[in-house]
Amino acid sequence: GMGGYRRERRCYPLALEEELQRVSGGYESALNLRNPAYERDIELFFRDIERILAKQTAVMLHLARSREWDFFFGVISVTDWMQHVLWKYLDPSHPEHEPGSAGRVQHRFREVWGKIDALVGEIGAAAPAGTNLVIVSDHAALMGDFVSEVGGLLKAGKLRSRETVVEGLAQA
């Protein structure tokens, strides 16, 4: 998932990269979010992210199903990319909000999130019984100042955990 624009080895051993290139039909991990073509044709952005998500889905599911793991880590960058590129369509208070396109973009946004949700479900289904699945984000997706306090969310009952490991946070 995490990638850059440089075309360097993305994984080790090299044979694994060759395998992943084969499985995905040419793995992609980066997208130029400032592509001016997206301003003219937002559907092009959706085609690009869906193509990349399909390749990353193929790779993650292949790896999840073809090997035994002590720890499996996958990055779905499409969620971040959508928030950056589509925010003006999603938030009516955005200074560049485009109400004429908002409904169609919001529909496509939900479609892509449905694909991401299905991927997470498939990864969870591929894992052995009793496996912990942890989902994290590097930041929130909203306007204004926001601070996430896991302990506060747990105390308020807005975040749940099946594990006792996080109970200490709820008491913090």
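The model shown is predicted, which means the values in this text are computed figures rather than measured ones.

(A) A look at helix α4 (residues 78–90). Under the 1.5 Å per step criterion, the end-to-end length of α4 is only 16 Å for 13 residues, more than 12% shorter than the ideal 18 Å. At H84, α4 shows its largest bend, some 45 degrees. Among the 13 residues in α4, 10 count as buried, and that is most of the element. Three or more residues of α4 are buried, namely V78, T79, W81, M82, Q83, V85, L86, W87, K88 and Y89. Along its buried surface, α4 packs onto α2 (37–40), α3 (42–66) and α5 (99–126).

(B) Region of the structure containing the nonpolar core. Core analysis: the biggest nonpolar cluster contains 23 residues, and I42, F45, I49, V78, M82, L86 and V112 have the highest contact counts within it. Broken down by secondary-structure element, the contributors of at least two residues to this core are α3, α4 and α5. Here this core gets 8 residues from one element, more than from any other, and that element is α3. Ranked by size, the runner-up nonpolar core spans 5 residues in total, among them L16, Y27, V59 and L63.

(C) Quick peek at the confidence of the model for the chain. The predicted model of the chain averages 83 in pLDDT, with 78% of residues at 70 or higher. Model confidence for the chain, summarised as mean pLDDT per element, is weakest for helix α7 (residues 167–170) at 45 and strongest for α3 at 96. This stretch, residues 164–170, has a pLDDT under 50; its non-local contacts, to residues over four places away or in other chains, come to 8 contacts.

Reading the values: the criteria
- Residues numbered from 1 in each chain as written.
- Predicted model: local features only at pLDDT ≥ 70, side-chain atom pairs only at ≥ 80, totals over all residues.
- Heavy atoms only, no water.
- Helix = DSSP H or I, 4+ residues; strand = E, 2+ residues; numbered from the N terminus.
- Expected span 1.5 Å × (residues − 1).
- Bend = angle between axes of the 7 residues up to and from the residue.
- Buried < 20%, exposed > 50% of the residue type's maximum accessible area, 1.4 Å probe, protein only.
- Contact = heavy atoms within 4.5 Å.
- Core = buried A, V, L, I, M, F, W, Y, C linked by side-chain atoms within 4.5 Å.
- pLDDT = per-residue confidence, 0-100.

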